[in-house]
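Each chain, written out:
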Amino acid sequence: MSGVDSLNEFYVHENMQLLEQLEEILLAGQSENGKLEKEHIEEIFRAMHTIKGSSAMMGYDSLTKLTHSVEDIFDAIRNGLELSSNQWDEVVDLVLASIDFLKEEMLNIQDGLLPEASIEELHDKAINFLKSATNKEDDIDNKPNENIQELEENKEEKITAKNSNENYLCAKVFFEQGCAMESIRALGVLTILQSLCSEVKHIPQDLDSDCDDVIIKDGFILYMRTVQEQSLIEEAIKDTMFLDRYEIHRLNDEELESVFGITTPKDEIKEEKKCDTNEEIIEAPKEESTKVVEESKEQSTNIIEEKQAQVQKKDKKEEQNQGHTHSKNSYLTVNINKIDTLMNLVGEIVTTESMVEKQSQVENFDRDSFEKQARRLHQLTNELQDVVMSMRMVPISSTFTKMQRVVRDMSKKTGKLVDLVLIGEQTEVDRNILENISDPLMHMIRNSMDHGIETLEERKNTTKPERATVTLEAKNTGGDVVIIIKDDGRGLNKEAIVKKAIEKGITTKSIDEISDKEAYNFIMAPGFSTKEAVSEYSGRGVGMDVVYTNIRKLRGSISIDSEPGNGTTFILRIPLTLAIVDGMKVNIGDQIYIIPALSIKEVFRQGDYEIVKNPNGQEHSIIRGNCYEIVRVSNVLGINSEKNDEGIMILVESEMGNVCIIVDGILGQQQVVIKPIPTLLTQFDKVQSYMSGCSILEDGSISLILDVNAIIHK
């Protein structure tokens, strides 16, 4: 990977994290009157300041200009600008729109393109808002087509006009252990501080060289000449991501002469603040420090020119028409304690494995000792699995907070007053699940607000409060995570659903023959919608079937409950991880298959159940008054079974119904690691239609995993 690619990757990853945090702060931080708390205002200001600095470092002038205009608004607010409730709404809308714009531009950059979209509309909104809010007509940072070098020159001219008030500071910055790319992070700090200082010198001087180890050991040292207060410089340093600690002090006479070549006459010496005795002052050699600023600017210019030359080789318009081709960032923030635990476990496993191997080779084989060491190895393997899984677990809070944006936007467009209540947002799930659950949740929240929640006029005619409530809850139950979406709206209309299902040919039963649960499940059929008018959110025939399909891909299930006039509840059950599943090993003919334990409701031994046939020859079994269809898996898969008339019956369930399946026998239960089905086997229709994956058994053979939903809907 080239230096430019590495810098790009670093820039996109960290700024996308900042934008996600910004969105969470805006959506979760507003009070009832729309106002943001002081700490949230400071966080937004710092985040925008950081994005502005890194964009300036990369040479993305338009993004620098936009973030600077938003930063100005929050700088005015933190300095005492009072806003009305309507103005707060306007500010939040503006920042959310800016976040959406910046995210799109980050994706363009990740695809190797330069940001080209126009920022004028958003930038003008920010400028005009600040003018109207402060009642000032002066031009606030409205310099179109201004490049980064011109900005720095203007700031330098502004600073040199106040030489009598200059401060001379030394800062030493240390980054978090293991954060990587210390030289790039140092360049980011340098760029931000250069915008606040008239002159900055630093050690190491050449940040393009391999100086990461030097920065890790000695820190990144900066000598600054500035008219700004020390507190402002400290605030800028604190904004640095992965900052571990920093030290800062005013330069004494010797340092002034050594670094900047300034000799202060004795009669003009001012009393300086004493440095902390614990701080280590590293002096920059005079002969080395004179070229620092020029070299730093030259390095930044070279990076930008190299990037532009690389990007110009691409046909940008053609790539933009094709959409983004990037993949999601494969980064995961992990607690260092978990890494330490993982390393210790690997060390113990290596030791125990060698002991087991040696024990099996000795002449006087001790079976008890061997079994003891084997049990220890098994225990360590389980602990290793738990640690690795825990490293992939992340709170669902980030996805839940995004739903506040959906509620906010739809409330404004539909005119409905809706509060979103979040419960259990610290529940942890596998990162892969988190990435795939966002779209289904968004669709279900929209569905609740559009179909479920009544209009203001309708709610006024009921005893319900004017503001509706949508509740989003997550909790762990055993090896699953349960997500509940509940609203206090009008509920599902069984009669309308069944009527539409009959029209679309989904069912031939009459309404009296269909249970409430069966009727509610019709809304997950492809193309089903009871919405008559086409709107931005509904009525196009793309409904809950999208959610159902996505949840099935996660090996999850959906159940629906509703009470007319009192609301609807959707319950999603999803495994905590997609990599490992608890399964029941069964044999059908000569083959071993695995049924996910999540789908198994009850098991009946041979002779403990009865089979009845209807006039069409279909087999059923009556269990505690309920009639279930029987599916012989051997017939579905086309396998010759010796026990065609006998076998073990397993009651399996899904959100679309329950059936009983018959297998030849049960071999036991165990955890299996799910692998994709080999390409060689996917050419067979039965495998493609009724299998969800495969696993390697303890004897090295491959066992296919049955897709219970597919068998139920065969």
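What counts, and where the lines are drawn
Residues numbered from 1 in each chain as written. Predicted model: local features only at pLDDT ≥ 70, side-chain atom pairs only at ≥ 80, totals over all residues. Heavy atoms only, no water. Pairing = 2+ DSSP bridges. Helix = DSSP H or I, 4+ residues; strand = E, 2+ residues; numbered from the N terminus. Axes fitted to C-alpha atoms, helices over the stretch in contact; angles between N-to-C directions. Contact = heavy atoms within 4.5 Å. Salt bridge = Lys/Arg side-chain N within 4 Å of Asp/Glu carboxyl O. Buried < 20%, exposed > 50% of the residue type's maximum accessible area, 1.4 Å probe, protein only. Phe/Tyr/Trp six-rings, centres within 6.5 Å; stacked < 30°, edge-to-face > 60°. Lys NZ or Arg CZ within 6 Å of the ring centre and 35° of its normal.

Topic: the sheet that holds strand β4 (residues 243-250)
Link 1 in the chain: With respect to topology, 4 strands assemble into an open sheet ordered β2-β3-β1-β4, the strand pairing being antiparallel. Of all strands in the sheet, those bounded by a partner on one side alone are β2 (199-203) and β4. Taking the axes of each pair of neighbouring strands and ignoring which way they run, one obtains an average angle of 20° across the sheet.
Link 2 in the chain: By the bridge criterion, 5 bridges tie β2 to strand β3 (residues 220-226) in an arrangement that is antiparallel. Opposite H202, over in β3, you have L222 as the bridge partner.
Link 3 in the chain: Here helix α9 (residues 230-238) sits on the sheet and contacts β1 (167-175), β3 and β4; the angle it forms with β4, its principal contact strand, is near 160°.

Side note on the pattern of salt bridges
Link 1 in the chain: One pass over the structure, following the stated rule, counts 31 salt bridges.
Link 2 in the chain: Two residues, D419 and R467, come together in a salt bridge whose shortest N-O distance is 2.9 Å. On the criterion of sequence distance, the pair formed by D419 in strand β6 (residues 418-423) and R467 in the loop between α18 (456-460) and β8 (468-477) is long-range, its members being 48 residues apart.
Link 3 in the chain: Relative accessible area serves as the criterion here: at 32%, D419 is assigned to the partly exposed category.
Link 4 in the chain: Note on R467: relative accessible area 39%, which makes it partly exposed.

Concerning the packing of aromatic side chains
Each aromatic ring pair is specified by the distance between its two centres and by the angle formed by the two planes.
Link 1 in the chain: Inspection of every chain in the model, using the stated rule, returns 2 aromatic pairs.
Link 2 in the chain: Sitting over the ring of F45, R78 keeps its end group 3.8 Å from the ring centre.
Link 3 in the chain: For the cation-ring pair, R245 lies above F174, with the distance from its terminal atom to the ring centre recorded as 3.9 Å.

Looking at the sheet that holds strand β18 (residues 648-654)
Link 1 in the chain: Across the sheet, which stays open at both edges, the 6 strands sit in the order β14-β18-β19-β17-β16-β15 with mixed pairing between neighbours. Two strands in the sheet have a free side with no partner beyond their single neighbour: β14 (600-604) and β15 (612-613).
Link 2 in the chain: Looking at chain direction, strand β16 (residues 619-623) and strand β17 (residues 626-632) are connected through 4 bridges and run antiparallel. Counterpart to S621 in the pairing with β17 is Y628.

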